[in-house]
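Summary of structural features
Chain by chain, the residues:
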Number of protein chains: 2
Amino acid sequence: MEAKHVITIAREFGSGGREIGIKLAERLGIPFYDKELLRLASEQGGLNEEFMAANEEKAPVLSAASFGRRTLNAFYQPSLSDTIFLEQSKIIRRLAEQGPCVIVGRAADYVLRDMGSIDVLISASMPYKIARKHAVAPEKADYTDEQMEKYIKDIDKQRQKYYEHYTGRRWGMVGNYHLCIWADSVGSDGAVECIIKFMELQQQFEASQEK
Amino acid sequence: MEAKHVITIAREFGSGGREIGIKLAERLGIPFYDKELLRLASEQGGLNEEFMAANEEKAPVLSAASFGRRTLNAFYQPSLSDTIFLEQSKIIRRLAEQGPCVIVGRAADYVLRDMGSIDVLISASMPYKIARKHAVAPEKADYTDEQMEKYIKDIDKQRQKYYEHYTGRRWGMVGNYHLCIWADSVGSDGAVECIIKFMELQQQFEASQEK
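Structural notes, computed from the coordinates.

**Overview of the pattern of salt bridges**
Residue and element names in this part refer to chain B. Applying the stated rule across the entire model yields 26 salt bridges over all chains. Between R18 and D34 there is a salt bridge, with its nearest N and O atoms 2.4 Å apart. Of this pair, R18 sits in helix α1 (residues 17-28) while D34 sits in the loop between β2 (32-33) and α2 (35-45), placing them 16 residues apart in sequence. The shortest N-O distance in the salt bridge between D114 and R93 comes to 3.4 Å.

Below, the structure written as structure tokens:
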């Protein structure tokens, strides 16, 4: 099928959302963007790539000093995290204007909220995520299940804070997405098929509404 | 296709979830349960049908008197709402044991949480819901859009309270469902197709895991 919209994929850590995004982009023959976005942003915004990678999907910590700057409007300066988010948002929007693609993470559903993207969320149970640990975090392969669970929860907490900080939306609420899939039910390949079917149905429905 | 699991459908008011459930049950050739459940419960539990209809998906109001009863454990009596919920839950579980069916509302996803149901949620934008007002609430056909919006929000607030009161879960969180569909994207017929595709993919994935 021919993709007509950008697809954004939000995902819980370990749910396979990134893998699903890559496979979906391959199937549709359109570009996939994930950390690549960071590289683009850093090249074009003149930001240090390493620092950006370290700050990826983490909300800024409001220190007393930064809070002081925020309350004194005349002295307001955006934090480095804010600058990165704004830079990334610009890049995401420019990429979306170029045509259909798959974008994973970076609150892209929010960034593209007025650009007709199809917003997908992938979630999964903790046992499913832990069972995927070799794919998700090969460097943590020696972690016990308990350690892995804590690691997964910590990363999801960071992502949630990042999302909520920059969007003002609550993470994981169905109203923010067009399609939410529980990966335990269908696996990564099944999720790709389900998204493609949804896109077909969306195009059919769109065409029927235009008549 | 042959359904192998019970399908529960949670829905925002006006999203078309009930219509989707009816069409899905027809397509799959399995029973559909909605208010019918109330009738069954009232017949078998000896409860007054009219009262049950009036209390449908509303959480009990904790009056000072009922709160007094609750704190004095020796005098604890379940409220009528609690009794209805418990009766409905029994009926839902008995129906689920009889074989695949579609159950709309009544926190059935929670009631059947250990019985392998496929839990679907249908949501939609307010303009989509208002545009469907003749199908959803024909007796309110003369309502202005503003009146209809308030009516829809009030009913959803009741349903949310009911769900959260009886399940301890937060309404609308993706983790409670296997599949969430935004009806604006695909319409009611598209949602039916999407659920059927998801069920096919789920059966394929289940079979592949058993090997």
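There is more to say after this.
**Comments concerning the interface of chain A and chain B**
With 27 residues of chain A at the contact, the number on the chain B side is 27 residues. Viewed at the interface, chain B and chain A are joined by zero salt bridges. In this structure, the connection of chain A to chain B is made through five residue pairs in polar contact (both at pLDDT 80 or more). Contributing elements (two or more residues each) for the side of chain A that touches chain B: β4 (118-123), β5 (179-182) and α10 (183-210) of chain A. Top element by residues in the side of chain A that touches chain B is α10(A). It accounts for 13 residues. By residue class, the composition of the side of chain A that touches chain B is 15 nonpolar, eight polar and four charged. Where β5(A) meets strand β5 (residues 179-182) of chain B, three bridges bridge the pair, whose relative direction is antiparallel. Across the sheet, residue L179(A) finds its bridge partner in β5(B), namely I181(B).

**Some points on empty space enclosed by the protein**
Considering all chains together, one arrives at four cavities of 30 Å³ or more under this definition. By volume, the largest cavity is sized at about 90 Å³. In terms of lining residues, the largest cavity is bounded by 16 residues, among which A10(A), G105(A), R106(A), A107(A) and W171(A) are the most central. By residue number, the principal contributor to the lining of the largest cavity is strand β1 (residues 7-11) of chain A, which donates four residues. Considered as a void within the structure, the second largest cavity measures approximately 80 Å³ in volume. Along the wall of the second largest cavity there are 15 residues; nearest its centre are A10(B), G105(B), R106(B), A107(B) and W171(B). Here the element with the most residues in the lining of the second largest cavity is strand β1 (residues 7-11) of chain B; it accounts for four residues. Its residues assigned to classes, the lining of the second largest cavity comprises eight nonpolar, two polar and five charged.

Reading the values: the criteria
- In this convention, every chain numbers its residues from 1, walking through the sequence in written order.
- Numbering of ligands from 1 and lettering of chains from A proceed in the order in which they are written.
- Residues qualify for local features only when their pLDDT is at least 70, as the model is predicted, and side-chain atom pairs are given and counted only at 80 or more; totals for whole chains, interfaces and linings, by contrast, use all residues.
- In computing side-chain values, all of the structure's heavy atoms are included and hydrogens and water are not.
- Here, a salt bridge means any Lys or Arg side-chain nitrogen found within 4 Å of an Asp or Glu carboxyl oxygen.
- Counting from the N terminus, the helices are the DSSP runs of H or I reaching at least four residues and the strands are the DSSP runs of E reaching at least two.
- Residues count as neighbours in contact if any of their non-hydrogen atoms are within 4.5 Å of one another.
- Between N or O atoms, a polar contact is any pair within 3.5 Å; within protein, one atom must be a potential hydrogen donor and the other a potential acceptor, and residues adjacent in sequence are included only when both atoms are from side chains.
- Residue polarity is assigned by list, with Asp, Glu, Lys and Arg as charged and Ala, Val, Leu, Ile, Met, Phe, Trp, Tyr, Cys and Pro as nonpolar; anything else, Gly included, falls into the polar class.
- The criterion for strand pairing is that DSSP finds at least two bridges linking the strands in question.
- A pocket here means an open set of points on a 1 Å grid, computed over the protein atoms alone, that has protein on both sides within 12 Å along at least five of seven lines. A cavity is instead a set of points where a 1.4 Å probe fits but cannot get out; residues with an atom within 4 Å of a point line either one.
- Grid points are joined across faces, edges and corners, and a volume is the space filled by probe spheres set on the points.

No statement about biological role is implied by the geometric values presented.
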